[in-house]
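# Examining the three-dimensional arrangement
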Amino acid sequence: MPDLRFGVLGPVVVWRGVDTVEIGSDKCLRVLGVLLLHANQRVDRQRIIEGAWDGNPPRSAVNLVQKYVGDVRRSLQLDRGSLQTIGTGYLLRVAPDQLDSDQFASRLVRARETKSGGDLTAARQHLAEAVKLWRGPAFSGIDTPAATTERARLAEYRCGALEDLSELDLLRGEHALAVPELTRLAEEHPYRERARELLMIALYRSGRQGDALAVFHDVQRLLADELGADPGPGLRRVHAQILRADPALDWVATAGQQRPIAQLPADIPDFTGHVEPLGELLELLVERQVVVIVGAPGTGKSTLAVRALHQVRDDYPDGQLHLDLAGTSEVPRDPAQMLAELLRALGVTDAVMPAGLHERAALYRSRLADRRLLVLLDDAACAQQVRPLLPPSGGCAVVITSRHRLADLAGAEHVELDVLSPRDARDLLARIAGAERVEREPGAADAIVELCGYLPLAIRIAGAKLAGRRGWTLRVLRDRLADESRRLRELRVGDLDVRANFDLSLRQLPEETVRAFRLLGLLGAETLPAWVIGPLLGGQVGHDVLDALVDAYLVRLVTTDSAGQPRYRLHDLLRAYATEGASGNYPVAERRAAVERVISAWLALAEQARELLYPSLFRPTPGRSPRWSPDHRVVDPLAWFDAERGTLLRAIELATEWGFAELAWELAVAAVPYYDHRSLYQDWNHSHRLALAAATAAGDTHGEAALLQGLGQVHIYLDEVDEARQDLRRCVELYRATGDRRGEGLALASLGTVHRVRGELDAALAIDKEALAHLVAAGHRQAEAQIRTAIGIIGFDRGSDDAGLWIEDGLRIARHLGDRHRQAVILRTLSRYHLGIGDTPAALRDLTEALTIFNEISDERCGAYTDQRLGTIYAELGDRSRAESALQRAALVFRLNGDRSNEAACWQQLGELESELGDAAAAQRHLGSAVELWRAIDLPERADAVQAALDAVTGSQSRRRANRDPIWR
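Everything numeric here is computed off the predicted structure, so don't read it as measured data.

### Description of the packing of aromatic side chains
- Counting across every chain of the model gives 12 aromatic pairs.
- Arranged with centres 6.1 Å apart and planes meeting at 35°, the rings of Trp 53 and Tyr 68 form a pair that is tilted. Of this pair, Trp 53 sits in helix α2 (residues 45-53) while Tyr 68 sits in helix α3 (residues 61-76), and the two are 15 residues apart along the sequence. In terms of burial, Trp 53 and Tyr 68 fall into one category: buried.
- Three or more aromatic residues joined by ring pairs make a cluster, and in this case those are Trp 640, Phe 641, Tyr 674 and Tyr 675.
- Lying over the aromatic face of Trp 134, Arg 158 brings its terminal NZ or CZ to 5.6 Å of the ring centre.

### Comments concerning the sheet that holds strand β9 (residues 374-380)
- Taken together, five strands build an open sheet; the order of strands is β8-β9-β10-β7-β11 and the sheet is parallel. Two strands lie at the open edges of the sheet, namely β8 (320-324) and β11 (413-417), each paired on one side alone. Here the average twist between neighbouring strands, direction ignored, is 15°.
- In the sheet, β8 pairs with β9 via five bridges, with the strands oriented parallel. Directly across from Leu 321, in β9, lies its bridge partner Val 375.
- Against the sheet, helix α11 (residues 275-286) engages β7 (290-295), β10 (397-402) and β11, with an angle of about 165° to β11.

### Quick notes on the environment of Ala 224
- Along the chain, Ala 224 falls in helix α9 (residues 209-227).
- Considering only alpha carbons, one finds Ala 224 and Leu 120, 104 residues apart in sequence, at a separation of 37 Å.

### Quick look at the pattern of salt bridges
- Summed over the entire model, instances satisfying the criterion amount to 63 salt bridges.
- Of the charged contacts in the structure, one is a salt bridge between Glu 167 and Arg 194, with a shortest N-O distance of 2.8 Å. One end of the pair, Glu 167, is in helix α6 (residues 145-171); the other, Arg 194, is in helix α8 (residues 193-205), and 27 residues separate them in sequence.
- Take Glu 167: its relative accessible area is 21%, and that puts it in the partly exposed class.
- In this structure Arg 194 comes out as partly exposed when scored by relative accessible area, which is 27%.

### So, the sheet that holds strand β3 (residues 19-20)
- Strands sit in the order β1-β2-β3 across an open sheet of three strands; the sheet is antiparallel. Here the strands that pair on one side only, and so sit at the sheet edges, are β1 (4-7) and β3.
- Direction of pairing for β1 relative to strand β2 (residues 13-16): antiparallel, over a ladder of four bridges. In the strand pairing of β2, Phe 6 is matched with Val 14.

### Some thoughts on the confidence of the model for the chain
- Averaged over every residue, the pLDDT of the chain is 85; residues scoring 70 or more account for 94%.
- Long-range and interchain partners of residues 253-258, a stretch whose pLDDT sits below 50, account for nine contacts in this model, where long-range means more than four residues apart.
- Every residue in residues 950-962 is under pLDDT 50, and counting partners more than four places away or in other chains gives 29 contacts.

The rules we used
- Residues numbered from 1 in each chain as written.
- Predicted model: local features only at pLDDT ≥ 70, side-chain atom pairs only at ≥ 80, totals over all residues.
- Heavy atoms only, no water.
- Phe/Tyr/Trp six-rings, centres within 6.5 Å; stacked < 30°, edge-to-face > 60°.
- Helix = DSSP H or I, 4+ residues; strand = E, 2+ residues; numbered from the N terminus.
- Buried < 20%, exposed > 50% of the residue type's maximum accessible area, 1.4 Å probe, protein only.
- Lys NZ or Arg CZ within 6 Å of the ring centre and 35° of its normal.
- Pairing = 2+ DSSP bridges.
- Axes fitted to C-alpha atoms, helices over the stretch in contact; angles between N-to-C directions.
- Contact = heavy atoms within 4.5 Å.
- Salt bridge = Lys/Arg side-chain N within 4 Å of Asp/Glu carboxyl O.
- pLDDT = per-residue confidence, 0-100.

Quick look at the structure:
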């Protein structure tokens, strides 16, 4: 199709020669527009549908797209090679000279080249030809996100071209010609300071000094009123030059003459924060280093680079070079072309310009060999793009900005940029929106910067929005940002757009990496271990995918957890962006399947950790395989649970949100041994309440019963006996209705504990014997051992003669099963019986054997309860040495586990023993510790009792806790 030309700089149009080609309906034009937007790339059918129907396609859209593509092919007389069908998409092949946007870009390049070579007339001609190509807003009528981004990019280049055109008029002495065009440009784009600078110079040279100064005062007032900002350095410099009638304003280029090299962009007047990275960067520049500033999109990498280079530019008298490498564009700039641009700035004309990349790089290094310049290479795609642009080491310093760590750029130092601190973020908002407004609503200001994730770009947009809406309170913007579903839409003003900025980072990433990023957003704000990528994508771990996201600063490595796993997190705005992308690009079924796989993997690992934590109690169910088996294994169960504590709660929330009721309750129940081990009653209660609502709504009777049993146990621990009885009675009813004798027996056993705690021993005994019958019938020998022990201790409290036999029966079953943990627990209970009948030596033997077992199976917490009971007995015997040893060991374990009540009880027992033995100093020390702990956990009556030293050694908290162990233990 050599005779066709395509126009996108305005409404989409096609010419054959000088004649316009009729394409057909408006939909045909839209389809063609989407194909041209992605010229020479495969465009998926879904993207075409989105562009043709603005997100509201008819059911027949797929067939209609095929028809419209066929109409385009016929009306343009395209062969199959020019407009290809590839899978479910299409590819339109377009040569560079056939598309007006490409012609526009090439003319801009030629204008820069001819200007650098000193031919200002030719440069102006190229720019004028480029501007004439425009017929209106680019891709007019195409309203997809990609079209919006491309439209904004091309519009920015057009404005720059118009400014360059006027600047050339000024350089050629044709200032009168520049005035009307610059006036129109300043009115259309009131915040573009360069247009105002050029207009002031043009008016000044035309003898209109007053009008030139009025332009400055107008823009000064506009920036103050609308943005709460001051004019930039360029405007202020021209204003000062006009006031002093600086002869430099009358400078006009002559043939071959060029200005000194001063390409550094203007400094940002409201630069805020980043004190440490700025200091690090300045130190490296003193040493003439090559420095790469890296960080997530929107963190202010270019702003930091410009600020630092302005601060050190006096140390580099030969000037500054600046290149935009367009690393985040679809086609990053070619190093050979950029070297030509740099060489022209250094005085090399096209007549002597080398043709090859290596020859240009060698000449570039030669030209800089004895010079001291700053070089700013902005938005680098990769090290390969940058290497030819590096000057020789010595007199020059180089700053590179990139969204990727350039690890393979030898000798380069990296400065990583993160978000602002809360204080700096608030200061930046105040500088843009106005300090008085921020001081008037400090809470709303703090909320705004937090909702912006402390990201500089987002805060700039929020500040600019407030500055442009003086009637808004800060609370208005806070409330609008609080809705995460529309937060990214709110963070857009003028040509600043958080979403569009994030889009740039995804352009160069493989589709699988983009998919992983988008799906990660579904998992919430918790830090995540690396293994989630595997189930998320439905494959293996995917280290390469995760590494690519980290290198692109879309995912941040936060820490290495207590289990030795690196943990990663998405910035809050990136997470919202990822979630939005997942919803827009993947069907609900695909997202649902991904979330289900991840939750299933968490469940598999939680059950694995539970089985390692209590191997004698929990064994894998024969023949049962997890819904998803993660490529990860638990080594240290407690460390794993500690690391995943927050993510487990989030996983349960996710399961309830997506309707996976069974996964929710199974995950909550799997974490119970850990919650019990760490005394995490709040997490235990919260997880079960979440899952219970889901199980009840889904009619999952088994799940509802299991959760109610767990909640009953929590209530027992917290002395909430009425609530425990209510939940456990309902639990018994559910198990009875389903004929689950094993579940009913376990629930009855817990209900028996409630009656025992209330002192209702007859009722407790009756219920426990009923529970025993169910457990024996179900063949649950471990639970049978425990319930026989419970019946024995109730009998002891009631004065029965056979109490010891019941406990011995339980111990015998546990030994027969090889259940060492249960043996130790029953031995601890047996010690209470022996102590009650006056056989203290037997009680000590029971506790010593129990402690040995707990130590051998590494159950520190149960060992601490045993030590505490040993310490109590030794204290009552007056054996200070052994009492101190046991109680101090127990107190240390309780402290490490966060069990402050039992720690306080240990110190209280020690203090009371030492008081009885006459050691006032030691008693004062330990009783003081107990008082502090009792008060810290809000038990003033205990604290008062210890303070007064009126009560005897009780150890009641540890005894009560030990007597309320769940049946599963």
